[in-house]
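# Structural description and commentary
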Amino acid sequence: MQTIDCVVAGAGVVGLAIARALALSGREVVVIEQADAIGTVTSSRNSEVIHAGLYYAPGSLKARLCLEGRQRLYAYCAEHNIAHTRTGKLIVASEPGQTDGLRAIEANARRCGVDDLQFLTQREAESLEPALTCAGALLSPSTGIVDSHALMLSLRGAAETAGASFALLTAFAGATIETDGIRIDTRHANGETFALEAAAFVNAAGLDAQAVAGRIAGFPQGLIPRQWLARGNYFSLPGRSPFSRLIYPVPVDGGLGVHLTLDLGGSARFGPDVEWVDHVDYTVDPSRSAVFYEAIRRYWPALADGALQPAYAGVRPKLSGPGQPATDFVIQGPADHGAGRIVNLFGIESPGLTASLAIADHVVELLYPQ
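Predicted, not measured: the structure shown is a model, and the values here were computed from it.

Now for the overall build of the protein. When helices and strands are counted, the protein shows nine helices and 21 strands. Counting only C-alpha atoms, the protein reaches 65 × 40 × 40 Å along its principal axes. The contacts of the protein with a sequence gap of at least 6 include a subset with a gap of at least 24, amounting to 70%. Accessible surface for the protein amounts to roughly 15000 Å². Of this, 50% is attributable to carbon and sulfur atoms. Computed over 28 positive and 37 negative side-chain charges, the separation of the two mean positions in the protein equals 4 Å.

Here it is as structure tokens:
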């Protein structure tokens, strides 16, 4: 049986970043991915936003890894010529009573280490974005957008250059914790099975992370958190965007509200909303546009009837359900579970893309403490 240093399950942006970091540290790495390409699930169904790190609990993994990851991601994209831009973002109060919410976001961001926010009056915000209607806004100049597909291709290339191998169309079938390592059983799409003996295992399977952990014989099942699924639908706007910056409302339960983001071609898309579901389904119901029109017109009243077109949907792997407080990432290392050299990553939703490079270094440190 082949013996290697580490197996990574999942080739989304976080799994790719982890594979790169492990390979650069001198480890022999194999990445298994059940799809026929990298980044086909959560990593390709999001807003492609580089988040500044405004909303998370100070001291949490989300806050720390987002801030560090954002700085690392901008530097990585510049070094490797990956398309990105610091668009900036306006978080807008659609009515005077929401300005207290903006002040709370600003105070929280400062506690997280984000010190470049600017509070704008109605006149200042609307002069920056003439199509905008608001009672005030917070300007986040560090927010941006990135070509997530180009980023993932770069991370895979860097991992392979450093010696990592990729096994696509290869599903994780189960694992057994042994005295001197972990036996990992895989199943190829053609039905063939293959086993690997690894010193370490990283579960970066995203939506399937709980299922993967549940198939590790010897792992304490009580440490696997419950998962909730929240579908986020997106609608697009034909032509050029009326805004040059991202526009976000004050956050809502389960998400950041129906916001306007830009792609690198200057087109606008709106979303995601929060739709709690019991299974993964990427269908966008055109009738949900009614909710979008209502939400968007609070900050862009000129949105014309019939302008929105269904675009795509993503599903967030959340660790908190409807009406519950937002939770942090759960990244379990050997010290957390005592079940061998395993790292499980649960609930890696936003800001997972922004934080990916920092998450990768965190995982390497959990597996191989300096």
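Picking up where we left off.
The next thing to look at is the domain arrangement of the protein. How big an interface is tends to be expressed through the accessible area that disappears when the partners come together. Annotation of the protein at the domain level lists domain 1 (4-47 + 149-226 + 326-367) and domain 2 (89-141 + 228-318). Here the C-alpha centre of domain 2 lies 31 Å away from the C-alpha centre of domain 1. Taking both sides of the interface into account, the surface hidden between domain 1 and domain 2 amounts to around 1200 Å²; carbon and sulfur atoms contribute 52%. Sorting the residues of domain 1 by area buried against domain 2 places Arg45, Ser47 and Leu207 first, and these three jointly supply 50% of that buried surface. One can count one salt bridge joining domain 1 with domain 2. Where Glu349 meets Lys318, a salt bridge forms, and the shortest distance between an N and an O atom there is 2.9 Å. In this assembly, domain 1 and domain 2 are joined by five residue pairs in polar contact (both at pLDDT 80 or more). Looking at the side of domain 1 that touches domain 2, its residues break down into three nonpolar, five polar and three charged.

Following the criterion strictly, the structure yields 16 salt bridges and no others. Taking the shortest distance from any N to any O, the salt bridge between Glu68 and Arg72 comes out at 3.8 Å. Here Glu68 pairs with Arg72, and both are found in helix α2 (residues 61-79), just four residues apart, close to one helical turn. For Glu68, a relative accessible area of 30% puts it in the partly exposed group. In this structure Arg72 comes out as partly exposed when scored by relative accessible area, which is 28%. Across the salt bridge formed by Glu275 and Arg231, the nearest N and O atoms sit 2.9 Å from each other. Separated by 44 residues along the polypeptide, Glu275 in strand β18 (residues 275-277) and Arg231 in strand β14 (residues 228-240) bring together distant segments of the chain. Taken together, the shared-partner salt bridges connect Arg231, Asp273, Glu275, Asp281 and Arg288 into one network.

Parameters and conventions
- In this convention, every chain numbers its residues from 1, walking through the sequence in written order.
- Where totals are concerned, whole chains, interfaces and linings use all residues; where local detail is concerned, this predicted model gives features only for residues with pLDDT of at least 70, and gives and counts side-chain atom pairs only at 80 or more.
- Note: side-chain values were computed over all heavy atoms of the structure, leaving out hydrogens and water.
- Labels follow the DSSP assignment, with helices taken as runs of H or I lasting at least four residues and strands as runs of E lasting at least two, numbered in each case from the N terminus.
- We call two residues contacting when some pair of their heavy atoms lies within 4.5 Å.
- Areas reported as accessible are Shrake-Rupley estimates using a 1.4 Å probe. Residue values count occlusion only from the protein chains shown.
- The charge count treats Lys and Arg as positive and Asp and Glu as negative. His and the chain ends do not count.
- Note that the charge is assigned to NZ on lysines, CZ on arginines, CG on aspartates and CD on glutamates.
- Throughout the structure description, domain borders are defined by an automatic or database domain assignment.
- Note on definitions: buried area is the accessible-area loss of two parts on being combined, 1.4 Å probe, summed for both.
- Should a side-chain nitrogen of Lys or Arg be within 4 Å of a carboxyl oxygen of Asp or Glu, the pair is scored as a salt bridge.
- Side-chain atoms alone can form a polar contact between residues adjacent in sequence; in general such a contact is a pair of N or O atoms within 3.5 Å, and within protein one must be able to donate a hydrogen while the other accepts it.
- Side-chain classes are defined by residue name, with Ala, Val, Leu, Ile, Met, Phe, Trp, Tyr, Cys and Pro counting as nonpolar, Asp, Glu, Lys and Arg as charged, and the others, Gly among them, as polar.
- Burial classes follow relative accessibility: with a 1.4 Å probe on protein chains only, a residue under 20% of its type's maximum area counts as buried, one over 50% as exposed, and anything between as partly exposed.

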